[in-house]
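Below are the chains, spelled out letter by letter.
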Amino acid sequence: MDADVSDSPGTPAEPDRPDHPAGGGPADGSQDASEAAPQSGAAGEAPRASAAADGRPEPGPGASDGGPGPEPGASDNRPEPGPGASDGAGSGTWGARPQLGPQGRGRHWLRWTALAASFLVLVAAGAGWWLYKKLDGNITTDTSAAAELKAYERDRPLPVARNAQNILLIGSDTRSGENSAYGRDDGGSQRSDTTILLHLAADRGSATAVSIPRDLMAEIPSCHTADGKATNKQFAQFNSAFERGGTACTIRTVEKMTGIRVDHHMVIDFNGFKDMVDAVDGVEVCLQAPVDDPDAHLELPAGRQKLDGEEALGYVRARKSIGDGSDTERMDRQQKFLGALVNKMQSNGVLLNPTRLYPVLDAATKSLTTDPDLDSLRDLYDLVRGMRNVPTEKVQFLTVPRKAYYANPNRDELVQPDADRLFAQLRKDRPVAVVPAETVNSGDSQADHSSGKDPSGQEPGAADGSPTPDPTYSGSNAADDPCGA
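Heads up: these notes are all about the structure in this document. (Residues numbered from 1 in each chain as written. Predicted model: local features only at pLDDT ≥ 70, side-chain atom pairs only at ≥ 80, totals over all residues. Heavy atoms only, no water.)

Along the backbone of the protein there are twelve helices and 18 strands. In the protein, which comprises 485 residues, the share counted as buried stands at 38%. When contacts within the protein are restricted to residue pairs at least 6 apart in sequence, those whose partners lie at least 24 apart make up 63%. For the protein, the exposed surface amounts to about 27,100 Å²; the carbon and sulfur share of it is 53%. (Helix = DSSP H or I, 4+ residues; strand = E, 2+ residues; numbered from the N terminus. Buried < 20%, exposed > 50% of the residue type's maximum accessible area, 1.4 Å probe, protein only. Contact = heavy atoms within 4.5 Å. Areas by Shrake-Rupley, 256 points an atom, 1.4 Å probe, with all protein chains shown as cover.)

This is the structure we're talking about:
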């Protein structure tokens, strides 16, 4: 009869054995080892079953066959179980689980580290995507200007230099909305306070920003107003083009004046400029004399100092309270300030610091209105990426050669052939040399603005057979110290 299987620890009773109180049976140990072995799977009996099976002697009296065990302390050449060892309770208990060694524990922590890293990557990716969409959504697209320019495509100049970029930057002088603090709101009309033609060389080795005075007399083509009415072609003050026909009219006026194809445009308002200055923690300037200008909300001492956004806006817009009060002096001041701003933005403290860079991008994108081909963060990034390696001394600022208009000394007109020579250099993507005004050697009326002569005073293309030098114009670059130190 088969042995009963017991769920309790220890050796079950075997009634068929004669020496057991419960019944008889052979006592000579001839019973098959598989039957004699306890069915409970006790840990202490497994070696004996194995020994019987391979012909080794049966254990003598006192072995674990259901009788009394060895005396305490007696040795049967088996090590005593240590603390916490299994006493036959079964391999399914917690105590019977294998303990992790150093290598196993390392793999365990490696898995948790990988899971945590994956979670952080997902969070960072989600946050990055949210920030990208926010900045991307800040930009306003000017579809009306694009439509107007498309209608006059046949009249526009063709691109000449491949991969070069010409971008028209327009500072909006509107007094509506948040800008009403800077002047009377005359129904939300828009005016261009500052207009700059930015030329990026095809090799991105230089960037040349040319200011166009708002008082410059220019041929303004027939344009369409915001309500669709056509205006008449006229010879008028340059900044009236923006007021009459918006961005498209200003672009067409610049293209007619210069013969340069404008590839993109950006319109920047007052508050955007102010926020950008605050985002880079201010910009340093140097004043030769104290300034007190209530109209510009500006009161500053003389000397080197750092301006915040509100002060910077008053500084670049002030006209009568700084210098000689001319628009010429104001544009020179604007150019030097923009150079200092570019220098600050190119510094590692901004570009490599996300907590500083994001506010700059947020302020810049919120203030921008662009053409459809430049209205995404990716497009702007591609543009800026091409400029980030331009040396600051190659980021140049100058004003178109001009002089007082003969019919009205409060207006300007272009000086020729200097102006056409400058436009030809930019159109063909050729170098333009910009130096401080005091180093330009010229005795004519545009001495403070440009010169077609080289530093020796020799006219270009002189009969000595030497190469024609690059035209030299007065201006500044982003590497200039504001105090001239």
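Let's pick the thread back up.
Let us now look at the nonpolar core. Grouped burial of nonpolar side chains is what soluble globular proteins tend to show. Counting 28 residues, the largest nonpolar core has M257, L422 and F423 as its most contacted members. For this core, the elements supplying multiple residues, two or more each, are α4 (143-151), β2 (165-172), β4 (207-212), α5 (240-258) and α12 (418-427). The greatest single-element share of this core, amounting to five residues, is contributed by α5. Look past the residues within four positions of L422 in its chain and what remains in contact with it is V210, L398, V400, P401, V432 and Y473. Within the second largest apolar cluster, 24 residues are counted, among which are V280, L313, A318 and A340. (Core = buried A, V, L, I, M, F, W, Y, C linked by side-chain atoms within 4.5 Å.)

Interhelical geometry of helix α6 (residues 270-279) versus helix α7 (residues 309-317) gives an angle of 125 degrees and a closest axis separation of 8 Å. Taken together, the axes of α6 and α7 lie oblique to each other. With respect to the hand of their crossing, α6 and α7 are arranged in right-handed fashion. The residues of α7 that touch α6, namely those facing F270, F273, K274, V277 and D278, are G309, E310, A312, L313, V316 and R317. Residue classes in the contact of α6 with α7 are distributed as six nonpolar, one polar and four charged. (Axes fitted to C-alpha atoms, helices over the stretch in contact; angles between N-to-C directions. Parallel < 35°, antiparallel > 145°, perpendicular 65-115°, else oblique. Left-handed = near helix turned anticlockwise from the far one by under 90°. Nonpolar A, V, L, I, M, F, W, Y, C, P; charged D, E, K, R; others polar.)

Turning to the packing of aromatic side chains, a few remarks are in order. Inspection of every chain in the model, using the stated rule, returns four aromatic pairs. Ring geometry for F273 versus F337: centroids 5.7 Å apart, planes at 50 degrees, classification tilted. Pair noted here: F273 is in helix α6 and F337 is in helix α8 (residues 327-346), with a separation of 64 residues, a long-range link. An aromatic cluster of at least three residues, connected via ring pairs, comprises F235, Y405 and Y406. (Phe/Tyr/Trp six-rings, centres within 6.5 Å; stacked < 30°, edge-to-face > 60°.)

Right, let's talk about helix α11 (residues 377-387) for a bit. Of the residues making up α11, those classed as buried are L377, L380 and L383. Relative to the axis of α11, the buried residues are bounded by an arc of 125 degrees and lie together on one face. (Arc of directions from axis to C-beta.)

One can describe the packing of α4 onto α5 by two numbers: an axis separation of 7 Å at closest approach and a directional angle of 45 degrees. Our classification of the angle between α4 and α5 gives oblique. Our pair here, α4 against α5, has a crossing hand that is right-handed. Counted together, A145, E148 and L149 of α4 and T247, A248, I251 and R252 of α5 form the full contact between these two elements. Among the residues forming the contact of α4 with α5, the class breakdown is four nonpolar, one polar and two charged.

Now for the environment of K150. Summarising the element assignment, K150 is placed in helix α4. C-alpha separation for the pair K150 and A248, spaced 98 residues apart in sequence, amounts to 9.8 Å.

Of the voids in this model, the largest pocket is the one considered here, and its volume is about 1,600 Å³. Residue lining of the largest pocket: 48 residues in total, with M276, V342, M345, A364 and V384 positioned closest to the centre. Residues of the lining of the largest pocket, tallied by class, amount to 34 nonpolar, nine polar and five charged. (1 Å grid on protein atoms, 1.4 Å probe; cavity = no way out; pocket = protein on both sides within 12 Å on 5 of 7 lines; lining within 4 Å. Points joined across faces, edges and corners; volume = space filled by probe spheres on them.)

For strand β18 (residues 472-477), a buried count of five out of six residues is recorded, marking the element as mostly surrounded by other parts of the structure. Examined bridge by bridge, strand β13 (residues 395-399) and β18 share three bridges and lie antiparallel to one another. Residue pairing for β18: L398 is matched across the bridge by G475. Pairing of strand β16 (residues 433-435) with β18, which is carried by three bridges, proceeds in the parallel orientation. Directly across from V434, in β18, lies its bridge partner Y473. (Pairing = 2+ DSSP bridges.)

Tallied over the full model, the rule gives ten salt bridges. The partner of E153 in a salt bridge is R261, with the nearest N and O atoms 2.8 Å apart. Of this pair, E153 sits in the loop between α4 and β2 while R261 sits in the loop between α5 and β7 (264-268), and the two are 108 residues apart along the sequence. Given a relative accessible area of 35%, E153 falls into the partly exposed group. The closest approach of N and O atoms between K366 and D362, which form a salt bridge, is 3.5 Å. (Salt bridge = Lys/Arg side-chain N within 4 Å of Asp/Glu carboxyl O.)

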